[in-house]
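# Structural description and commentary
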Amino acid sequence: MAFVTIRRAAAAAVIAVLCAVAHPSAATAQGSVNPTASSVKEQQLLDALKPDQRLSGRVSIPDPGASSLIQPEGRQFRAERDQNARIGGLAILGMLGLLVLFYVVRGKVRMDGGRSGTTITRFGFVERFTHWLTAVSFLLLGLTGLNITFGRALVLPLIGPQAFTSLSQAGKFVHIYVSFAFALGILLMFLLWVKDNLPALRDIRWFLQGGGLIGLGHPPADRFNAGQKLIFWSVVLGGGAIAVTGYILMFPFAWTDIAGMQWASVWHGLIGAVLFAVILAHIYIGSVGMEGAIDAMGSGEVDVNWAKEHHSIWTERELGKAGKGAAPAE
Ligand code: HEM
């Protein structure tokens, strides 16, 4: 009995929709649904979302884009964004898991010969300033960006709506204004270090020996080894792409239409999250993961034994320059 009733109701609904779509007041000349007609039903609007169909009406405000009520690409855009959020979240959690595992299995990478007591200048002030300008701004942008993507699900339940609103509003300002420092940092970094990051044949050997991290000896390296070159190009190209897509989003419709805005949004989020995961590995190896590495970006002076192990070619060259480089540590 109930089954018969459901069938009748379904048939009536289909007939009603067909009548409404066929009715002149509810359909445009092309046969699509007129979303502003008084008899239009919500189901009609949803049924109209077949590929290549969109629901649009008329507007009297200057923005013609506002006349588009529903467009199938919008749903596709949302699905892509949701998928990217999953990929980005997995990349970050996966990287954190890998780093913890690496630390437990391999432990800290120590200097084989211990500290020599003599140091060599690795980075000057301008290089260290550029590094920290880029690093601090990237971390601020990354954290506020992650709050935009995951904050509602993860932070809101922890701190409540009032605090979350204030935090997110402040985060949005940080995300916008700090972007300029980041873009400048990327540009300076590129200019300062591109000459030391061009690919070389010895980079292949560096990878084959696991970068000296897995007990196969220290492969020779110049100022930057192959792993660092990967980080450099990820930062310059990934960071550059993040900046370009970010400015497209910051000035809506200035250079592109809605499809371009959706494209920029999708890639901005995806590249940002993946680069964040990559940078976690860099932070690990530049701090707790390797003895002596952080000195390079702190005082700028590294122990000669550290330099010989990780950058043998560069160290020999620097030490060979008469009267420069090596100095007794204090
Ligand atoms: C707390 C965070 C960070 C720490 C502790 C850190 C540490 C370091 C250290 C010690 C070096 C020098 C390595 C050497 O002497 O060979 C370095 C280099 C570098 N850092 Fe960072 N860094 C951090 C964040 C970042 C961020 C956020 C970025 C970019 C978005 C970045 C980009 C680079 C690049 C491109 C280099 C040169 C290539 C390389 O050594 O991998 N760093 N960092």
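Above this text sits the structure in question.
Rules of the game
Residues numbered from 1 in each chain as written. Predicted model: local features only at pLDDT ≥ 70, side-chain atom pairs only at ≥ 80, totals over all residues. Heavy atoms only, no water. Core = buried A, V, L, I, M, F, W, Y, C linked by side-chain atoms within 4.5 Å. Buried < 20%, exposed > 50% of the residue type's maximum accessible area, 1.4 Å probe, protein only. Helix = DSSP H or I, 4+ residues; strand = E, 2+ residues; numbered from the N terminus. Contact = heavy atoms within 4.5 Å. Patch = residues over 30% accessible without salt bridge, like charges linked within 9 Å, V, L, I, M, F, W, Y side chains within 5 Å. Areas by Shrake-Rupley, 256 points an atom, 1.4 Å probe, with all protein chains shown as cover. Salt bridge = Lys/Arg side-chain N within 4 Å of Asp/Glu carboxyl O. Donors = N, O, S within 2.8 Å, 3.2 Å for Na, K, Ca; no water. Tetrahedral: all angles 85-135°; square planar, octahedral: opposite > 155°, others 65-115°. Axes fitted to C-alpha atoms, helices over the stretch in contact; angles between N-to-C directions. Parallel < 35°, antiparallel > 145°, perpendicular 65-115°, else oblique. Left-handed = near helix turned anticlockwise from the far one by under 90°. Nonpolar A, V, L, I, M, F, W, Y, C, P; charged D, E, K, R; others polar. Near = heavy atom within 4 Å. Polar contact = N/O pair within 3.5 Å; in protein donor to acceptor, adjacent residues only side chain to side chain. 1 Å grid on protein atoms, 1.4 Å probe; cavity = no way out; pocket = protein on both sides within 12 Å on 5 of 7 lines; lining within 4 Å. Points joined across faces, edges and corners; volume = space filled by probe spheres on them. Phe/Tyr/Trp six-rings, centres within 6.5 Å; stacked < 30°, edge-to-face > 60°. Lys NZ or Arg CZ within 6 Å of the ring centre and 35° of its normal.

The subject of this paragraph is the nonpolar core. Core analysis: the biggest nonpolar cluster contains 37 residues, and W193 and W306 have the highest contact counts within it. Ranked by residue count, the leading element in this core is helix α8 (residues 258-286), at 6 residues. Ignoring anything within four residues of it in the chain, the contact list for W193 reads F123, E127, H131, R223, F224, F232 and M297.

Here we take up a nonpolar patch on the surface. Side chains of L98, V100, L101, V104 and V105 sit close together on the surface and give an oily, nonpolar patch of about 530 Å² of accessible area. Of note, L101 is situated in helix α3 (residues 72-106). A relative accessible area of 52% means that L101 is categorised as exposed.

This paragraph deals with the coordination of the iron atom of the ligand. Bound to the iron atom of the ligand on the protein side are H131 (NE2) and H282 (NE2), at distances that span 2.0 Å. Each of the 6 donor atoms around the iron atom of the ligand contributes to a set of angles spanning 86 to 178 degrees, which defines the coordination as octahedral. Placement of the pair is H131 in helix α4 (residues 125-154) and H282 in helix α8, with a sequence separation of 151 residues.

With that settled, the discussion passes to the pattern of salt bridges. Taken as a whole, this structure holds 7 salt bridges when the rule is applied. R223 is the partner of D196 in a salt bridge, and the nearest nitrogen-oxygen pair spans 3.2 Å. Here D196, found in the loop between α5 (156-193) and α6 (202-208), pairs with R223, found in the loop between α6 and α7 (226-250); they are 27 residues apart in sequence, far enough to count as distant. Through salt bridges with shared partners, a single network forms among E127, K195, D196 and R223.

Now for the packing of α4 against α8. At their nearest, the axes of α4 and α8 sit 11 Å apart, and the two run at 130 degrees to each other. One finds that α4 runs oblique with respect to α8. Two packed elements cross with a definite hand, and for α4 against α8 that hand is left-handed. Along its contact with α4, which presents H131, F138, L139, G142, L143 and L146, the element α8 presents L275, F276, I279, H282 and I283. For the contact of α4 with α8, the class distribution of residues is 8 nonpolar, 3 polar and no charged.

Around the ligand, 23 residues are found, and the nearest of them are R122, H131, Q228, H282 and A296. Between the ligand and H131, the relevant distance is 2.8 Å, taken from a nitrogen atom to a side-chain nitrogen or oxygen of the residue. At 2.7 Å, a side-chain N or O of H282 approaches a nitrogen atom of the ligand. When contributions to the shell around the ligand are tallied by element, the ones reaching two or more residues are α4, α5, α7 and α8. Class assignment of the residues belonging to the shell around the ligand gives a composition of 17 nonpolar, 5 polar and 1 charged.

One pass over the structure, following the stated rule, counts 1 cavity of 30 Å³ or more. Approximately 30 Å³ is the volume found for the largest cavity. As for the largest cavity, its lining consists of R202, D203, W206, P220, A221, D222, F224, N225, A226 and K229. Elements supplying a minimum of two residues to the lining of the largest cavity: α6 and α7. Among the elements that make up the lining of the largest cavity, the one with the highest residue count is α6 (3 residues).

Glancing now at the packing of α5 against α7. When two helices pack together, you describe them by how their axes are tilted relative to each other and by the distance separating the axes. Running from N to C, α5 and α7 cross one another at 145 degrees; their axes reach a closest spacing of 10 Å. When the axes of α5 and α7 are compared, the crossing they make is left-handed. Between α5 and α7, the residues in contact are I176, S179, F180, F182, A183, I186, M189, F190 and W193 and F232, W233, V235, V236, G239, G240, Y247 and M250, respectively. Residues that form the contact of α5 with α7 fall into these classes: 14 nonpolar, 3 polar and no charged.

What follows concerns the packing of aromatic side chains. Under the definition given, this model contains 14 aromatic pairs. Over the face of the ring belonging to W314 we find R122, whose NZ or CZ atom lies 4.8 Å from the ring centre.

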